[in-house]
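Survey of secondary and tertiary structure
Below are the chains, spelled out letter by letter.
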Amino acid sequence: MRDIIIIGSGPAGLTAAIYAARAELKPLLIASSVEVGGELVNTTEVENFPGFPEGVMGPDLMTKIQAQAERFGTEVVYDDVVSLDLEGPVKRVTLGGGEVHEARAVIFATGSAYRKLGLPEEEVLSGHGLSWCATCDGFFFRQKTIAVVGGGDSAMEEATFLTRFADKVHVIHRRDELKASKIMQQRAFDNPKIEFVWNAEIAAIHGTSQVSGVTLRDTVTGEERGLDLDGVFVAIGNDPRTHLVHGKLDLTAEGTIAVEGRSSKTSVPGVFAAGDVIDPHYRQAVTAAASGTVAALDAEAYLADLDDASTAAQPALATVSD
Ligand SMILES: Cc1cc2nc3c(=O)[nH]c(=O)nc-3n(C[C@H](O)[C@H](O)[C@H](O)COP(=O)(O)OP(=O)(O)OC[C@H]3O[C@@H](n4cnc5c(N)ncnc54)[C@H](O)[C@@H]3O)c2cc1C
């Protein structure tokens, strides 16, 4: 049986692996079969991860973090976890290929998924003018004309934030009223750089190597028209990847895994969670990495306590058997 199994190969899981491996816990990391390296492999340049003054390509950054985790003895398996048995002292992790691994502690770092528009161009243009994160990519759109898709609080927050850089921000919304709170709406309405496009959805995004515009479809009349744009930010929601732990771990109202205070401790002893799957708000590579550190340290302390408890129990058992 292992000490630790880590699920997820994004910044949270891999950073947890660096710490657990350096603590000689020989972690097994289940990296997934499809998205090894997590969300950052879907982007191009990352300019806000500390230590890279010239910026770094998302996939290169994740390759380096994985190499760092492997250097200290992390074993990486390229498969998906399909089911989990988390009750009791032995945790069981079943993979898509049928293998079952056991460990005394599990770190769950499966991230979250930004909701997509469902257009085929999304895969190609992600990181090339199409983004899901204003904090990450706003800086690339100085003096540009861009659009934000959505009508909730996060869409208003992203649109308002993006006016720091862009000359013009169109907010494209399917309805003729917003879901956002009144205060966020008012802030957006008062901003002279923001223009609302009501009753509209994006039917197509144009551009081969970079976004150049969109086709808008009127959701009432069905009429279509073009809009020239340098960038599109999609802000229609985010789903933490928690389906494997529904009914097993407590979740928050936002759908993230509930943890105790600033720790990574979930509602089940020996199960720790880290990264975007516990974070409804910040969702950055560096915050996910920090959260992975917390999880590794919590798991290490949990295992040390288990070891202390079993050492303390041994003389008593010896006395009983004497
Ligand atoms: C397009 C884009 C650009 C971004 N740019 C930036 C940026 O410039 N700077 C920045 O700081 N942040 C950026 N972010 C945000 C950043 O990528 C995330 O905050 C960060 O990756 C979260 O790390 P994580 O480890 O929690 O989750 P993730 O990176 O999402 O990793 C989760 C991992 O878990 C795996 N997984 C899920 N389910 C299973 C399963 N059942 N079995 C096995 N594995 C599983 C996934 O495949 C994935 O490998 C960007 C996000 C996107 C989408």
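Residues numbered from 1 in each chain as written. Predicted model: local features only at pLDDT ≥ 70, side-chain atom pairs only at ≥ 80, totals over all residues. Heavy atoms only, no water.

In the annotation of an unreviewed UniProt entry, the entry for the protein reads Thioredoxin reductase, and the organism field reads Agromyces archimandritae. Under Sequence similarities (unreviewed entry), UniProt gives the following word-for-word description of the protein: "Belongs to the class-II pyridine nucleotide-disulfide oxidoreductase family." Under the heading Catalytic activity (unreviewed entry), UniProt records this for the protein: "[thioredoxin]-dithiol + NADP(+) = [thioredoxin]-disulfide + NADPH + H(+)". (UniProt positions renumbered as here; feature names shortened; annotations may be inferred.)

Side note on the packing of aromatic side chains
In this structure the tally under the stated criterion is 8 aromatic pairs. A centroid spacing of 6.2 Å and a plane angle of 80° characterise the contact between Phe139 and Phe165, whose relative ring orientation is edge-to-face. Residue Phe139 is located in the loop between helix 4 (134-137) and strand 11 (145-149), and its partner Phe165 is located in the loop between helix 5 (153-162) and strand 12 (168-172); the two are separated by 26 residues in the primary sequence. A relative accessible area of 42% places Phe139 in the partly exposed class. For Phe165, a relative accessible area of 16% puts it in the buried group. Between Phe141 and Phe233 the ring centres are 5.3 Å apart and the planes differ by 70°, which places this aromatic pair in the edge-to-face class. (Phe/Tyr/Trp six-rings, centres within 6.5 Å; stacked < 30°, edge-to-face > 60°. Helix = DSSP H or I, 4+ residues; strand = E, 2+ residues; numbered from the N terminus. Buried < 20%, exposed > 50% of the residue type's maximum accessible area, 1.4 Å probe, protein only.)

A closer look at the site of the ligand
The local shell around the ligand holds 32 residues, among which Glu35, Glu39, Asn48, Asp276 and Ala285 are the closest. Measuring from an oxygen atom of the ligand, one finds a backbone N or O atom of Arg283 at 3.1 Å. When the free accessible area of the ligand is taken as 1000 Å², the share hidden by the protein chains comes to 96%. Secondary-structure elements contributing two or more residues to the shell around the ligand are helix 1 (11-22) and helix 7 (285-321). Grouping the amino acids of the shell around the ligand by side-chain chemistry returns 14 nonpolar, 11 polar and 7 charged. (Near = heavy atom within 4 Å. Polar contact = N/O pair within 3.5 Å; in protein donor to acceptor, adjacent residues only side chain to side chain. Areas by Shrake-Rupley, 256 points an atom, 1.4 Å probe, with all protein chains shown as cover. Nonpolar A, V, L, I, M, F, W, Y, C, P; charged D, E, K, R; others polar.)

A look at the sheet that holds strand 13 (residues 194-197)
What the 5 strands build is an open sheet, ordered 10-17-11-12-13; its pairing is parallel. Looking at strand neighbours, the two that pair on one side only are strand 10 (130-131) and strand 13, the edges of this open sheet. Both strand 11 and strand 12 contribute to a ladder of 5 bridges, which runs parallel. If you follow Val148 over to strand 12, its bridge partner there is Val171. (Pairing = 2+ DSSP bridges.)

Some thoughts on the nonpolar core
Core analysis: the largest hydrophobic core is formed by 32 residues, its most contacted members being Ile4, Ile6, Leu29, Ile65, Ile107 and Phe272. The set of elements that each furnish at least two residues to this core consists of strand 1 (2-7), helix 1, helix 2 (58-71), strand 8 (100-108) and helix 7. The leading source of residues in this core is helix 7, at 7 residues. Other than its neighbours up to four places away in sequence, Ile6 contacts Gly13, Ala16, Ala17, Pro27, Leu28, Leu29, Ile30 and Ile107. Membership of the second largest hydrophobic core comes to 22 residues, among which are Leu84, Ala103, Val106 and Val245. (Core = buried A, V, L, I, M, F, W, Y, C linked by side-chain atoms within 4.5 Å. Contact = heavy atoms within 4.5 Å.)

Digging into the state of the cysteines
One covalent bond between the sulfur atoms of two cysteine residues makes up a disulfide. The full count for this structure, using the stated rule, is 1 disulfide. Between the sulfur atoms of Cys133 and its disulfide mate Cys136 the distance is 2.1 Å. Across the disulfide from Cys133 to Cys136, rotation about the S-S bond amounts to roughly 70°, and the bridge is consequently right-handed. A relative accessible area of 28% means that Cys136 is categorised as partly exposed. (Disulfide = S-S within 2.5 Å.)

As for the pattern of salt bridges
Following the criterion strictly, the structure yields 13 salt bridges and no others. Between Arg115 and Asp239 there is a salt bridge, with the nearest N and O atoms lying 2.8 Å from each other. Of this pair, Arg115 sits in the loop between strand 9 (112-114) and helix 3 (121-125) while Asp239 sits in strand 18 (residues 238-240), placing them 124 residues apart in sequence. With relative accessibility at 39%, the residue Arg115 sits in the partly exposed group. A relative accessible area of 32% places Asp239 in the partly exposed class. The partner of Arg217 in a salt bridge is Glu224, and the shortest N-O contact between them spans 3.1 Å. A residue is classified by how much of its surface remains accessible, and Arg217, at 29% relative accessible area, is partly exposed. (Salt bridge = Lys/Arg side-chain N within 4 Å of Asp/Glu carboxyl O.)

Focus on the UniProt feature "domain: FAD/NAD(P)-binding" (unreviewed entry) in the protein
Within this structure's numbering, the places UniProt gives as "domain: FAD/NAD(P)-binding" (unreviewed entry) are residues 3-292. Structurally, residues 3-292 comprises 21% helix and 28% strand, and the distance from its first C-alpha atom to its last is 16 Å.

Some details on the packing of helix 1 against helix 2
Relative to each other, helix 1 and helix 2 sit at 25°, their axes nearing to 8 Å. On the basis of the axis angle, helix 1 is roughly parallel to helix 2. The two elements helix 1 and helix 2 cross, and the hand of that crossing is left-handed. Residues Pro11, Leu14, Thr15, Ala17, Ile18 and Ala21 of helix 1 form the contact with helix 2, whose own contacting residues are Met62, Ile65, Gln66, Gln68 and Ala69. Partitioning the contact of helix 1 with helix 2 into residue classes produces 8 nonpolar, 3 polar and no charged. (Axes fitted to C-alpha atoms, helices over the stretch in contact; angles between N-to-C directions. Parallel < 35°, antiparallel > 145°, perpendicular 65-115°, else oblique. Left-handed = near helix turned anticlockwise from the far one by under 90°.)

Some details on the pairing of strand 17 (residues 231-234)
By the alternation rule, side chains of strand 17 split into Gly231 and Phe233 and Val232 and Val234, which are all buried. In the sheet, strand 10 pairs with strand 17 via 2 bridges, with the strands oriented parallel. Paired with Leu130 across the bridge in strand 17 is Val232. Here strand 11 runs beside strand 17; their pairing, made up of 4 bridges, is parallel. If you follow Val148 over to strand 17, its bridge partner there is Phe233.

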